[in-house]
Amino acid sequence: MAEVTTFSSSGEDVITRTIDVQRDFANPLLQDALEDTFDISRTVEQIEKGDYKRIALQFPDELLPHSVPIFKTLKSKIASNRELYVLADTSYGSCCVDEVAAQHVDADALVHYGHACMSQPSRLPVIYVLGKEPLEPSHCVESFLGVLNPSLGYKTVVLKFDVAYAHRSDDVIAGLKSKLSASTRIVHVPISLTVSPSPPGPQHSSSSLQESTTREMTSPEDTIHSETTPEESVILYVGGESLALTNLLLTHGSYEVFSYDPKSSIARLESGRTNKLLMRRYAVVQKARDADVIGILVGTLGVANYLPLITHLRNIIKKAHKKSYTISVGKPNPAKLANFLEIECFVLVACPENSLLDAKEFLRPIITPYELEVALQPTQSWSGRYILDFGQLLREHGDNTEIHSENQKESEPEDLDQPVFSLVTGKYRYAKRYGGTSEPAENGEGDSSAIILRNQEGALSKMDDSAAAQFLHSRTFRGLETRIGEDAPSLLEQGRSGIARGYADDHRNGT
(Lines give C-alpha, C1' and ligand atoms only; values in the text may rest on other atoms or scores of the structure.)
Protein backbone atom coordinates (compact mmCIF):
# COMPACT_ATOMS: atom_id res chain seq x y z
CA MET A 1 0.00 0.00 0.00
CA ALA A 2 1.44 3.31 -1.05
CA GLU A 3 2.26 5.71 1.72
CA VAL A 4 0.19 8.88 1.62
CA THR A 5 1.43 11.88 3.55
CA THR A 6 -0.74 14.56 5.05
CA PHE A 7 0.68 17.50 3.14
CA SER A 8 1.42 16.02 -0.28
CA SER A 9 0.22 13.35 -2.67
CA SER A 10 1.14 11.98 -6.06
CA GLY A 11 -1.93 13.51 -7.70
CA GLU A 12 -3.13 10.14 -8.96
CA ASP A 13 -6.53 10.58 -7.29
CA VAL A 14 -7.16 13.68 -9.38
CA ILE A 15 -6.55 11.76 -12.62
CA THR A 16 -8.57 8.68 -11.67
CA ARG A 17 -11.49 10.54 -10.07
CA THR A 18 -14.91 9.92 -11.65
CA ILE A 19 -17.00 13.05 -12.27
CA ASP A 20 -20.74 13.02 -12.89
CA VAL A 21 -21.51 15.30 -15.83
CA GLN A 22 -25.05 16.54 -16.30
CA ARG A 23 -25.86 17.34 -19.90
CA ASP A 24 -27.78 20.59 -20.08
CA PHE A 25 -28.07 21.00 -23.81
CA ALA A 26 -31.02 22.43 -25.68
CA ASN A 27 -33.26 19.84 -27.28
CA PRO A 28 -33.15 19.89 -31.08
CA LEU A 29 -36.22 21.37 -32.74
CA LEU A 30 -38.17 19.99 -35.65
CA GLN A 31 -37.76 21.85 -38.92
CA ASP A 32 -41.17 23.58 -38.74
CA ALA A 33 -40.65 24.60 -35.11
CA LEU A 34 -37.13 25.79 -35.91
CA GLU A 35 -38.31 28.06 -38.74
CA ASP A 36 -41.13 29.48 -36.63
CA THR A 37 -39.12 30.02 -33.43
CA PHE A 38 -36.18 31.71 -35.12
CA ASP A 39 -38.11 33.64 -37.81
CA ILE A 40 -36.30 32.06 -40.74
CA SER A 41 -38.68 33.50 -43.36
CA ARG A 42 -38.44 37.06 -42.01
CA THR A 43 -34.66 36.81 -41.74
CA VAL A 44 -34.34 35.66 -45.36
CA GLU A 45 -36.68 38.44 -46.48
CA GLN A 46 -34.63 41.11 -44.71
CA ILE A 47 -31.36 39.75 -46.10
CA GLU A 48 -32.72 39.78 -49.65
CA LYS A 49 -34.30 43.21 -49.16
CA GLY A 50 -31.04 44.75 -47.92
CA ASP A 51 -29.01 42.88 -50.54
CA TYR A 52 -26.44 41.89 -47.92
CA LYS A 53 -23.53 39.77 -49.18
CA ARG A 54 -21.74 38.84 -45.95
CA ILE A 55 -23.98 38.21 -42.94
CA ALA A 56 -22.80 37.42 -39.42
CA LEU A 57 -25.01 35.27 -37.19
CA GLN A 58 -24.46 36.09 -33.51
CA PHE A 59 -25.55 33.45 -30.96
CA PRO A 60 -25.42 33.48 -27.16
CA ASP A 61 -24.01 30.43 -25.40
CA GLU A 62 -27.41 28.89 -24.67
CA LEU A 63 -28.41 28.93 -28.36
CA LEU A 64 -25.19 27.57 -29.83
CA PRO A 65 -26.65 24.04 -30.21
CA HIS A 66 -29.17 25.54 -32.66
CA SER A 67 -26.55 27.47 -34.66
CA VAL A 68 -25.75 24.69 -37.16
CA PRO A 69 -29.41 23.88 -38.06
CA ILE A 70 -30.17 27.61 -38.41
CA PHE A 71 -27.06 28.12 -40.56
CA LYS A 72 -28.01 25.24 -42.87
CA THR A 73 -31.64 26.38 -43.15
CA LEU A 74 -30.70 29.97 -43.99
CA LYS A 75 -28.01 28.83 -46.43
CA SER A 76 -30.55 26.75 -48.32
CA LYS A 77 -32.98 29.66 -48.69
CA ILE A 78 -30.69 32.54 -49.71
CA ALA A 79 -28.73 33.09 -52.91
CA SER A 80 -25.47 31.22 -53.37
CA ASN A 81 -23.43 34.43 -53.60
CA ARG A 82 -24.24 35.36 -49.99
CA GLU A 83 -21.94 34.20 -47.20
CA LEU A 84 -22.94 33.37 -43.62
CA TYR A 85 -20.63 33.39 -40.58
CA VAL A 86 -21.41 32.16 -37.06
CA LEU A 87 -20.18 34.34 -34.17
CA ALA A 88 -19.97 32.27 -30.99
CA ASP A 89 -17.87 34.12 -28.38
CA THR A 90 -18.87 37.77 -27.96
CA SER A 91 -16.35 40.50 -27.23
CA TYR A 92 -18.51 41.97 -24.43
CA GLY A 93 -22.03 41.05 -23.31
CA SER A 94 -24.09 38.65 -25.41
CA CYS A 95 -27.03 41.08 -25.33
CA CYS A 96 -25.03 43.64 -27.34
CA VAL A 97 -24.37 43.56 -31.05
CA ASP A 98 -20.79 42.34 -31.50
CA GLU A 99 -19.70 44.66 -34.31
CA VAL A 100 -16.02 43.99 -33.56
CA ALA A 101 -16.29 40.27 -34.32
CA ALA A 102 -18.47 41.02 -37.35
CA GLN A 103 -15.79 43.32 -38.76
CA HIS A 104 -13.28 40.46 -38.60
CA VAL A 105 -15.21 38.76 -41.40
CA ASP A 106 -16.01 42.08 -43.13
CA ALA A 107 -19.75 41.58 -42.60
CA ASP A 108 -22.19 44.15 -43.96
CA ALA A 109 -25.11 42.99 -41.74
CA LEU A 110 -25.65 41.05 -38.53
CA VAL A 111 -28.43 38.78 -37.29
CA HIS A 112 -28.64 38.82 -33.49
CA TYR A 113 -30.29 35.80 -31.82
CA GLY A 114 -31.59 35.60 -28.28
CA HIS A 115 -32.00 38.22 -25.58
CA ALA A 116 -30.94 41.72 -26.63
CA CYS A 117 -30.58 45.05 -24.86
CA MET A 118 -31.85 46.80 -28.03
CA SER A 119 -29.08 49.39 -27.95
CA GLN A 120 -28.65 51.51 -31.06
CA PRO A 121 -25.81 50.06 -33.19
CA SER A 122 -23.12 52.37 -34.53
CA ARG A 123 -21.82 50.65 -37.71
CA LEU A 124 -23.89 47.72 -38.99
CA PRO A 125 -27.59 47.13 -39.71
CA VAL A 126 -29.01 44.54 -37.32
CA ILE A 127 -31.80 41.98 -37.72
CA TYR A 128 -33.08 40.88 -34.30
CA VAL A 129 -34.45 37.38 -33.71
CA LEU A 130 -35.59 37.59 -30.10
CA GLY A 131 -37.25 34.21 -29.70
CA LYS A 132 -40.80 33.46 -28.65
CA GLU A 133 -41.28 32.41 -25.05
CA PRO A 134 -44.76 31.08 -24.15
CA LEU A 135 -47.17 33.58 -22.60
CA GLU A 136 -50.86 33.30 -21.75
CA PRO A 137 -52.30 36.81 -22.39
CA SER A 138 -55.60 36.27 -20.55
CA HIS A 139 -53.90 35.09 -17.35
CA CYS A 140 -51.41 37.95 -17.61
CA VAL A 141 -54.22 40.51 -17.81
CA GLU A 142 -56.16 38.94 -14.93
CA SER A 143 -53.02 38.85 -12.76
CA PHE A 144 -52.33 42.54 -13.37
CA LEU A 145 -55.92 43.49 -12.56
CA GLY A 146 -55.68 41.49 -9.34
CA VAL A 147 -52.76 43.53 -7.98
CA LEU A 148 -53.77 46.97 -9.27
CA ASN A 149 -55.65 49.27 -6.93
CA PRO A 150 -58.74 50.49 -8.83
CA SER A 151 -59.34 53.29 -6.31
CA LEU A 152 -56.24 55.13 -7.54
CA GLY A 153 -57.84 55.72 -10.92
CA TYR A 154 -54.83 55.39 -13.19
CA LYS A 155 -55.18 57.53 -16.28
CA THR A 156 -52.22 56.03 -18.12
CA VAL A 157 -50.88 52.46 -18.22
CA VAL A 158 -47.38 52.06 -19.67
CA LEU A 159 -46.80 48.51 -20.90
CA LYS A 160 -43.27 47.09 -21.05
CA PHE A 161 -42.18 43.67 -22.27
CA ASP A 162 -39.12 41.54 -21.97
CA VAL A 163 -37.99 41.04 -25.54
CA ALA A 164 -38.78 37.30 -25.41
CA TYR A 165 -42.49 38.00 -24.74
CA ALA A 166 -42.94 40.98 -27.06
CA HIS A 167 -44.54 38.79 -29.75
CA ARG A 168 -47.73 38.60 -27.63
CA SER A 169 -47.93 42.34 -26.96
CA ASP A 170 -50.98 42.92 -29.17
CA ASP A 171 -52.97 40.23 -27.35
CA VAL A 172 -52.09 41.66 -23.92
CA ILE A 173 -53.01 45.19 -25.03
CA ALA A 174 -56.35 43.97 -26.39
CA GLY A 175 -57.07 42.19 -23.10
CA LEU A 176 -56.26 45.28 -21.03
CA LYS A 177 -58.45 47.50 -23.20
CA SER A 178 -61.40 45.16 -22.71
CA LYS A 179 -61.00 45.20 -18.91
CA LEU A 180 -59.99 48.79 -18.19
CA SER A 181 -62.17 51.86 -18.49
CA ALA A 182 -62.37 53.68 -21.81
CA SER A 183 -60.69 56.76 -20.32
CA THR A 184 -57.54 54.81 -19.43
CA ARG A 185 -54.81 55.27 -22.00
CA ILE A 186 -52.47 52.34 -22.72
CA VAL A 187 -49.00 53.34 -23.93
CA HIS A 188 -46.71 50.79 -25.54
CA VAL A 189 -43.64 51.39 -27.71
CA PRO A 190 -43.23 48.40 -30.07
CA ILE A 191 -39.83 46.85 -30.62
CA SER A 192 -38.26 47.37 -34.03
CA LEU A 193 -36.80 44.04 -35.19
CA THR A 194 -34.64 45.71 -37.84
CA VAL A 195 -32.38 48.57 -36.75
CA SER A 196 -30.09 50.70 -38.89
CA PRO A 197 -26.84 52.16 -37.56
CA SER A 198 -26.68 55.68 -36.24
CA PRO A 199 -25.75 58.33 -38.83
CA PRO A 200 -22.07 59.32 -39.14
CA GLY A 201 -20.71 62.58 -37.87
CA PRO A 202 -20.88 64.29 -34.47
CA GLN A 203 -23.33 61.93 -32.80
CA HIS A 204 -23.71 64.09 -29.73
CA SER A 205 -25.36 66.95 -31.58
CA SER A 206 -29.07 67.42 -31.13
CA SER A 207 -29.77 67.05 -34.84
CA SER A 208 -28.11 63.66 -35.19
CA LEU A 209 -29.33 62.02 -32.02
CA GLN A 210 -32.16 59.74 -33.03
CA GLU A 211 -35.40 59.43 -31.17
CA SER A 212 -35.66 56.30 -29.09
CA THR A 213 -38.69 54.92 -30.90
CA THR A 214 -36.80 51.78 -31.91
CA ARG A 215 -35.86 50.89 -28.36
CA GLU A 216 -37.89 49.06 -25.80
CA MET A 217 -36.59 50.84 -22.72
CA THR A 218 -37.92 54.27 -23.62
CA SER A 219 -38.73 56.65 -20.81
CA PRO A 220 -42.37 57.31 -19.87
CA GLU A 221 -41.54 61.01 -20.00
CA ASP A 222 -41.15 60.57 -23.78
CA THR A 223 -44.44 58.74 -24.24
CA ILE A 224 -46.76 60.17 -21.57
CA HIS A 225 -48.30 63.60 -22.10
CA SER A 226 -46.80 66.41 -20.10
CA GLU A 227 -49.97 66.87 -18.07
CA THR A 228 -49.80 63.29 -16.75
CA THR A 229 -48.15 62.90 -13.36
CA PRO A 230 -46.45 59.76 -11.98
CA GLU A 231 -49.22 59.47 -9.39
CA GLU A 232 -51.77 58.98 -12.18
CA SER A 233 -49.66 56.45 -14.13
CA VAL A 234 -48.50 52.88 -13.65
CA ILE A 235 -45.95 50.72 -15.44
CA LEU A 236 -46.73 47.06 -16.15
CA TYR A 237 -43.73 44.87 -17.00
CA VAL A 238 -44.11 41.41 -18.53
CA GLY A 239 -41.02 39.31 -17.86
CA GLY A 240 -39.03 37.62 -15.15
CA GLU A 241 -36.38 38.93 -12.80
CA SER A 242 -33.62 40.37 -14.99
CA LEU A 243 -31.25 43.29 -15.47
CA ALA A 244 -33.84 44.91 -17.73
CA LEU A 245 -36.31 45.02 -14.83
CA THR A 246 -33.66 46.40 -12.48
CA ASN A 247 -32.82 49.17 -14.94
CA LEU A 248 -36.51 49.93 -15.36
CA LEU A 249 -36.89 50.40 -11.60
CA LEU A 250 -33.84 52.67 -11.38
CA THR A 251 -34.73 54.87 -14.33
CA HIS A 252 -38.39 55.19 -13.28
CA GLY A 253 -38.15 55.54 -9.53
CA SER A 254 -41.14 57.89 -9.29
CA TYR A 255 -43.56 55.44 -10.92
CA GLU A 256 -45.37 52.43 -9.55
CA VAL A 257 -44.08 49.32 -11.32
CA PHE A 258 -45.83 45.94 -11.37
CA SER A 259 -44.32 42.84 -12.97
CA TYR A 260 -45.76 39.58 -14.23
CA ASP A 261 -43.49 36.56 -14.51
CA PRO A 262 -44.88 34.16 -17.16
CA LYS A 263 -42.84 31.25 -15.80
CA SER A 264 -44.25 31.49 -12.27
CA SER A 265 -47.56 33.11 -13.36
CA ILE A 266 -47.30 35.61 -10.49
CA ALA A 267 -47.82 39.39 -10.60
CA ARG A 268 -46.37 41.58 -7.87
CA LEU A 269 -45.36 45.14 -6.97
CA GLU A 270 -41.72 45.81 -7.83
CA SER A 271 -41.30 49.51 -7.08
CA GLY A 272 -41.13 48.81 -3.34
CA ARG A 273 -37.45 47.93 -3.66
CA THR A 274 -36.52 50.93 -5.80
CA ASN A 275 -35.38 52.97 -2.80
CA LYS A 276 -33.02 50.21 -1.68
CA LEU A 277 -31.49 50.04 -5.14
CA LEU A 278 -31.01 53.80 -5.28
CA MET A 279 -29.54 53.90 -1.76
CA ARG A 280 -27.06 51.23 -2.76
CA ARG A 281 -26.04 53.20 -5.84
CA TYR A 282 -25.84 56.44 -3.81
CA ALA A 283 -23.31 54.79 -1.48
CA VAL A 284 -21.16 53.93 -4.51
CA VAL A 285 -21.45 57.53 -5.73
CA GLN A 286 -20.00 58.76 -2.42
CA LYS A 287 -17.01 56.46 -2.85
CA ALA A 288 -16.54 57.90 -6.34
CA ARG A 289 -16.49 61.43 -4.90
CA ASP A 290 -13.43 60.50 -2.85
CA ALA A 291 -11.58 59.03 -5.84
CA ASP A 292 -8.82 61.14 -7.35
CA VAL A 293 -7.81 58.67 -10.11
CA ILE A 294 -10.68 57.37 -12.24
CA GLY A 295 -10.51 54.65 -14.87
CA ILE A 296 -12.87 54.87 -17.86
CA LEU A 297 -13.66 51.22 -18.54
CA VAL A 298 -14.72 50.62 -22.14
CA GLY A 299 -17.43 47.96 -22.05
CA THR A 300 -18.78 48.32 -25.57
CA LEU A 301 -17.56 49.11 -29.06
CA GLY A 302 -20.90 48.90 -30.79
CA VAL A 303 -23.42 51.07 -28.93
CA ALA A 304 -24.05 54.40 -30.61
CA ASN A 305 -22.62 57.54 -28.96
CA TYR A 306 -20.05 55.64 -26.90
CA LEU A 307 -17.12 57.63 -28.34
CA PRO A 308 -18.65 61.08 -27.65
CA LEU A 309 -19.55 59.87 -24.15
CA ILE A 310 -15.97 58.80 -23.42
CA THR A 311 -14.75 62.21 -24.59
CA HIS A 312 -17.34 63.89 -22.38
CA LEU A 313 -16.23 61.84 -19.35
CA ARG A 314 -12.61 62.78 -19.92
CA ASN A 315 -13.53 66.45 -20.02
CA ILE A 316 -15.56 66.49 -16.81
CA ILE A 317 -12.88 64.48 -14.97
CA LYS A 318 -10.22 66.93 -16.13
CA LYS A 319 -12.33 69.93 -15.09
CA ALA A 320 -12.68 68.37 -11.62
CA HIS A 321 -8.84 68.27 -11.36
CA LYS A 322 -8.83 64.47 -11.29
CA LYS A 323 -6.83 62.00 -13.35
CA SER A 324 -8.44 59.65 -15.88
CA TYR A 325 -7.19 56.55 -17.68
CA THR A 326 -9.10 54.84 -20.50
CA ILE A 327 -8.93 51.04 -20.30
CA SER A 328 -10.35 48.28 -22.49
CA VAL A 329 -10.11 44.77 -21.02
CA GLY A 330 -13.00 43.01 -22.76
CA LYS A 331 -15.36 41.39 -20.29
CA PRO A 332 -14.35 42.85 -16.89
CA ASN A 333 -13.64 40.59 -13.93
CA PRO A 334 -11.97 41.18 -10.53
CA ALA A 335 -8.64 39.66 -11.62
CA LYS A 336 -8.29 41.96 -14.63
CA LEU A 337 -9.17 45.19 -12.81
CA ALA A 338 -6.99 44.31 -9.81
CA ASN A 339 -3.95 44.93 -12.03
CA PHE A 340 -4.69 48.69 -11.98
CA LEU A 341 -4.11 49.41 -8.30
CA GLU A 342 -3.46 53.11 -8.87
CA ILE A 343 -7.06 53.57 -10.08
CA GLU A 344 -9.44 54.32 -7.21
CA CYS A 345 -12.74 54.09 -9.09
CA PHE A 346 -13.95 52.76 -12.45
CA VAL A 347 -16.72 54.19 -14.62
CA LEU A 348 -18.13 51.56 -16.98
CA VAL A 349 -19.23 52.67 -20.44
CA ALA A 350 -21.49 49.80 -21.53
CA CYS A 351 -25.03 49.07 -22.62
CA PRO A 352 -27.77 49.66 -20.01
CA GLU A 353 -28.00 45.98 -19.07
CA ASN A 354 -24.24 45.63 -18.51
CA SER A 355 -23.67 48.99 -16.81
CA LEU A 356 -24.66 47.85 -13.32
CA LEU A 357 -22.10 45.37 -12.02
CA ASP A 358 -22.18 43.75 -8.60
CA ALA A 359 -18.95 45.27 -7.32
CA LYS A 360 -18.73 43.20 -4.13
CA GLU A 361 -16.01 40.99 -5.61
CA PHE A 362 -14.12 43.90 -7.18
CA LEU A 363 -11.36 45.76 -5.39
CA ARG A 364 -12.59 49.20 -6.53
CA PRO A 365 -16.11 50.57 -6.96
CA ILE A 366 -17.62 50.55 -10.47
CA ILE A 367 -20.12 53.27 -11.37
CA THR A 368 -22.12 54.34 -14.42
CA PRO A 369 -21.49 57.54 -16.44
CA TYR A 370 -24.53 59.25 -14.88
CA GLU A 371 -23.30 58.40 -11.39
CA LEU A 372 -19.98 60.03 -12.27
CA GLU A 373 -21.90 63.16 -13.29
CA VAL A 374 -23.55 63.19 -9.86
CA ALA A 375 -20.29 62.46 -8.03
CA LEU A 376 -18.44 65.36 -9.68
CA GLN A 377 -21.08 67.95 -8.84
CA PRO A 378 -19.87 70.68 -6.47
CA THR A 379 -22.84 70.16 -4.16
CA GLN A 380 -23.72 66.74 -2.76
CA SER A 381 -27.30 66.44 -3.98
CA TRP A 382 -29.21 63.80 -5.91
CA SER A 383 -32.90 63.87 -6.73
CA GLY A 384 -33.04 60.11 -7.33
CA ARG A 385 -33.28 60.49 -11.09
CA TYR A 386 -31.30 57.93 -13.06
CA ILE A 387 -30.13 57.89 -16.70
CA LEU A 388 -28.56 54.96 -18.55
CA ASP A 389 -29.06 56.02 -22.18
CA PHE A 390 -25.93 57.52 -23.76
CA GLY A 391 -27.81 59.90 -26.03
CA GLN A 392 -30.03 61.27 -23.27
CA LEU A 393 -27.03 61.75 -20.99
CA LEU A 394 -25.16 63.72 -23.65
CA ARG A 395 -28.19 65.84 -24.49
CA GLU A 396 -28.79 66.85 -20.89
CA HIS A 397 -25.23 67.13 -19.57
CA GLY A 398 -23.05 67.75 -22.61
CA ASP A 399 -23.90 71.45 -22.86
CA ASN A 400 -23.92 71.93 -19.08
CA THR A 401 -20.19 71.20 -18.96
CA GLU A 402 -19.38 74.17 -21.21
CA ILE A 403 -21.74 76.46 -19.30
CA HIS A 404 -20.23 75.39 -15.98
CA SER A 405 -16.72 76.00 -17.36
CA GLU A 406 -17.62 79.54 -18.48
CA ASN A 407 -19.25 80.34 -15.14
CA GLN A 408 -16.20 79.03 -13.34
CA LYS A 409 -13.93 81.39 -15.30
CA GLU A 410 -16.12 84.38 -14.46
CA SER A 411 -16.34 83.49 -10.77
CA GLU A 412 -13.58 83.68 -8.19
CA PRO A 413 -10.65 81.24 -8.60
CA GLU A 414 -11.13 77.91 -6.88
CA ASP A 415 -9.06 77.14 -3.81
CA LEU A 416 -7.42 73.83 -4.69
CA ASP A 417 -6.02 73.40 -1.17
CA GLN A 418 -9.44 73.47 0.47
CA PRO A 419 -10.22 70.19 2.28
CA VAL A 420 -13.18 68.10 1.17
CA PHE A 421 -15.54 66.34 3.55
CA SER A 422 -16.00 62.62 2.88
CA LEU A 423 -19.31 60.97 3.71
CA VAL A 424 -17.62 57.57 3.55
CA THR A 425 -15.06 58.18 6.31
CA GLY A 426 -16.83 61.08 8.05
CA LYS A 427 -13.65 63.14 7.98
CA TYR A 428 -12.10 65.92 5.94
CA ARG A 429 -9.57 64.89 3.32
CA TYR A 430 -7.13 66.71 1.08
CA ALA A 431 -7.75 65.65 -2.50
CA LYS A 432 -4.95 65.19 -4.99
CA ARG A 433 -5.14 67.71 -7.80
CA TYR A 434 -4.21 66.85 -11.36
CA GLY A 435 -4.11 69.04 -14.43
CA GLY A 436 -3.81 72.29 -12.52
CA THR A 437 -3.36 75.62 -14.26
CA SER A 438 -0.56 76.77 -12.00
CA GLU A 439 2.65 77.83 -13.73
CA PRO A 440 5.81 75.74 -13.19
CA ALA A 441 8.05 76.95 -10.44
CA GLU A 442 11.02 79.05 -11.45
CA ASN A 443 14.68 78.22 -10.69
CA GLY A 444 13.77 74.54 -10.21
CA GLU A 445 11.83 75.19 -7.01
CA GLY A 446 8.68 73.17 -6.49
CA ASP A 447 7.37 69.91 -5.18
CA SER A 448 10.25 67.49 -4.75
CA SER A 449 7.92 64.51 -5.10
CA ALA A 450 7.43 65.42 -8.77
CA ILE A 451 11.06 64.43 -9.48
CA ILE A 452 11.98 60.75 -9.58
CA LEU A 453 15.14 58.79 -10.39
CA ARG A 454 14.81 57.56 -13.96
CA ASN A 455 17.71 55.08 -14.22
CA GLN A 456 20.86 53.92 -12.49
CA GLU A 457 23.01 56.59 -14.19
CA GLY A 458 21.42 59.19 -11.93
CA ALA A 459 19.23 60.84 -14.58
CA LEU A 460 16.19 62.60 -13.22
CA SER A 461 12.72 62.52 -14.73
CA LYS A 462 9.67 64.61 -13.95
CA MET A 463 6.48 62.63 -13.40
CA ASP A 464 4.50 65.38 -15.14
CA ASP A 465 1.21 64.93 -13.33
CA SER A 466 1.21 61.15 -13.73
CA ALA A 467 -0.84 59.22 -11.18
CA ALA A 468 0.66 55.90 -12.31
CA ALA A 469 4.23 57.18 -11.84
CA GLN A 470 3.41 58.52 -8.39
CA PHE A 471 1.88 55.19 -7.42
CA LEU A 472 4.91 53.30 -8.69
CA HIS A 473 7.20 55.66 -6.79
CA SER A 474 5.36 54.92 -3.54
CA ARG A 475 5.59 51.12 -3.92
CA THR A 476 8.24 49.21 -2.01
CA PHE A 477 8.64 46.60 -4.78
CA ARG A 478 9.19 47.99 -8.29
CA GLY A 479 10.41 44.91 -10.12
CA LEU A 480 13.77 43.17 -10.36
CA GLU A 481 16.81 45.41 -9.97
CA THR A 482 19.41 45.28 -12.72
CA ARG A 483 22.30 46.36 -10.43
CA ILE A 484 24.44 47.29 -13.45
CA GLY A 485 28.07 47.75 -12.47
CA GLU A 486 27.50 46.87 -8.80
CA ASP A 487 28.19 43.11 -8.88
CA ALA A 488 31.29 41.39 -10.30
CA PRO A 489 30.61 38.95 -13.16
CA SER A 490 30.39 35.32 -12.06
CA LEU A 491 32.19 32.38 -13.64
CA LEU A 492 30.48 30.39 -16.35
CA GLU A 493 29.28 27.04 -14.99
CA GLN A 494 27.77 23.93 -16.50
CA GLY A 495 24.01 23.86 -15.97
CA ARG A 496 21.63 20.99 -15.47
CA SER A 497 20.85 18.56 -18.29
CA GLY A 498 18.09 16.04 -18.76
CA ILE A 499 14.37 16.26 -18.12
CA ALA A 500 12.46 17.54 -15.11
CA ARG A 501 11.61 14.02 -13.99
CA GLY A 502 15.25 13.25 -13.35
CA TYR A 503 18.16 15.59 -14.07
CA ALA A 504 21.59 14.18 -14.72
CA ASP A 505 22.99 15.61 -11.47
CA ASP A 506 20.19 14.19 -9.26
CA HIS A 507 20.91 11.30 -6.84
CA ARG A 508 24.64 11.35 -7.41
CA ASN A 509 25.36 9.36 -4.26
CA GLY A 510 22.58 6.81 -4.91
CA THR A 511 20.30 8.30 -2.23
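Cut-offs used in this document
- Residues numbered from 1 in each chain as written.
- Predicted model: local features only at pLDDT ≥ 70, side-chain atom pairs only at ≥ 80, totals over all residues.
- Heavy atoms only, no water.
- Helix = DSSP H or I, 4+ residues; strand = E, 2+ residues; numbered from the N terminus.
- Buried < 20%, exposed > 50% of the residue type's maximum accessible area, 1.4 Å probe, protein only.
- Contact = heavy atoms within 4.5 Å.
- Areas by Shrake-Rupley, 256 points an atom, 1.4 Å probe, with all protein chains shown as cover.
- Core = buried A, V, L, I, M, F, W, Y, C linked by side-chain atoms within 4.5 Å.
- Pairing = 2+ DSSP bridges.
- pLDDT = per-residue confidence, 0-100.
- Axes fitted to C-alpha atoms, helices over the stretch in contact; angles between N-to-C directions.
- Parallel < 35°, antiparallel > 145°, perpendicular 65-115°, else oblique.
- Nonpolar A, V, L, I, M, F, W, Y, C, P; charged D, E, K, R; others polar.
- Disulfide = S-S within 2.5 Å.
- Salt bridge = Lys/Arg side-chain N within 4 Å of Asp/Glu carboxyl O.

S.K.: Quick one: what's the story with the overall build of the chain, residue by residue and with numbers?
M.R.: The helix and strand inventory of the chain stands at 16 helices and 20 strands. Residue burial in the chain is summarised as follows: out of 511 residues, 41% are buried. Put simply, of all contacts in the chain between residues at least 6 apart along the chain, 69% involve residues at least 24 apart. Counting only carbon and sulfur atoms, one obtains 51% of the accessible surface of the chain, whose full area is about 30,100 Å².

S.K.: Could you give me a rundown of the nonpolar core, with the residues and numbers involved?
M.R.: One finds Leu313, Val349, Leu372 and Tyr386 to be the most contacted residues of the largest nonpolar core, which totals 49 residues. Those elements giving two or more residues to this core turn out to be β8 (233–238), α9 (243–251), α10 (274–289), β11 (293–298), α11 (306–319), β13 (345–349), α14 (369–375) and α15 (390–410). Sorting elements by how many residues they give to this core places α11 first, with six residues. Contacts of Val349, omitting those with residues within four sequence positions, involve Ile296, Leu297, Val298, Gly299, Thr300, Tyr306, Leu309, Ile310, Leu313, Pro369 and Phe390. In terms of nonpolar packing, the next biggest core, distinct from the first, is built from 39 residues, Leu159, Phe161, Tyr165 and Ile173 among them.

S.K.: Explain the sheet that holds strand β12 (residues 323–327) to me, and be specific about the residues and the numbers.
M.R.: Within a sheet, adjacent strands bond to each other through the backbone by hydrogen bonds, running parallel or antiparallel. Read across the open sheet, the four strands follow the order β12-β11-β13-β14; overall the sheet is parallel. Whereas interior strands pair on both sides, the edge strands pair on one side only; in this sheet they are β12 and β14 (366–367). Bridge count between β11 and β12: five bridges; the pairing is parallel. From the neighbouring strand, Val293 faces β12, where its bridge partner is Lys323.

S.K.: Quick rundown of the confidence of the model for the chain? Include the residues and the values.
M.R.: Put simply, the chain has an average pLDDT of 79, and 78% of its residues get 70 or more. Predicted confidence for residues 201–221 stays below pLDDT 50, and this span has 47 contacts to residues more than four positions away or in other chains. The model gives residues 437–449 a pLDDT under 50, and that stretch makes two contacts with residues more than four places away or in other chains.

S.K.: Can you tell me about the packing of α9 against α10, naming the residues and giving the values?
M.R.: Running from amino to carboxyl end, α9 crosses α10 at an angle of 85°, the nearest separation of the two axes being 9 Å. Relative to α10, α9 is oriented roughly perpendicular. From α9, Thr246, Leu249 and Leu250 reach across to α10, where they touch Thr274, Leu277, Leu278 and Arg281. When its residues are assigned to classes, the contact of α9 with α10 shows four nonpolar, two polar and one charged.

S.K.: Describe in detail unusual backbone geometry, supporting the description with residues and values.
M.R.: Positive phi values are uncommon outside glycine, yet Asp106 reaches one of about 55°. Checked against the element boundaries, Asp106 lands in the loop between α5 (99–104) and β3 (109–113). Phi at Met118 is positive, roughly 60°, even though this residue is not glycine. Mapped onto the fold, Met118 is located in the loop between β3 and β4 (126–129).

S.K.: Break down the state of the cysteines for me, citing the residues and quoting the values.
M.R.: This model, assessed by the stated rule, comprises zero disulfides. Cysteine Cys117 remains unbridged, with the sulfur of Cys351 as its closest cysteine sulfur at 3.8 Å. Using a relative accessible area of 5% as the deciding quantity, one classes Cys117 as buried. Looking at the unpaired Cys351, the closest cysteine sulfur is the one in Cys96, lying at 3.2 Å.

S.K.: Before we move on, could you go through the pattern of salt bridges and cite the residues and values that matter?
M.R.: It is possible for side chains bearing opposite charge to pair when their charged atoms get close. Enumeration according to the criterion identifies 17 salt bridges in this entry. The salt bridge partner of Lys77 is Glu35, with a shortest N-O separation of 3.9 Å. Within this pair, whereas Lys77 is found in helix α4 (residues 67–77), its partner Glu35 is found in helix α2 (residues 31–37), the two being separated by 42 residues in sequence. For Lys77, a relative accessible area of 40% puts it in the partly exposed group. For Glu35, a relative accessible area of 23% gives the class partly exposed. Across the pair Arg168 and Asp171 runs a salt bridge whose closest N-O atoms are separated by 2.9 Å. Residue classification places Arg168 among the partly exposed positions, given a relative accessible area of 25%. Residue Asp171 is classed as partly exposed on the basis of its relative accessible area, which comes to 38%. In this structure, a network of salt bridges that share partners links the residues Asp36, Asp39, Arg42 and Lys132.

S.K.: Could you give an account of the sheet that holds strand β5 (residues 156–161), with specific residues and numbers?
M.R.: An order of β6-β5-β8-β9-β10 is seen for the five strands of this open sheet, with the pairing classed as mixed. The sheet is open, and its two borders are formed by β6 (185–187) and β10 (266–269), each paired with just one other strand. Direction aside, the axes of adjacent strands within the sheet are offset by 20° on average. Examined bridge by bridge, β5 and β8 share six bridges and lie parallel to one another. Within β8, the position partnered with Phe161 by the bridge is Val238. Helix α6 (residues 137–147) contacts β8, β9 (256–261) and β10 of the sheet and is inclined by roughly 145° relative to β9.

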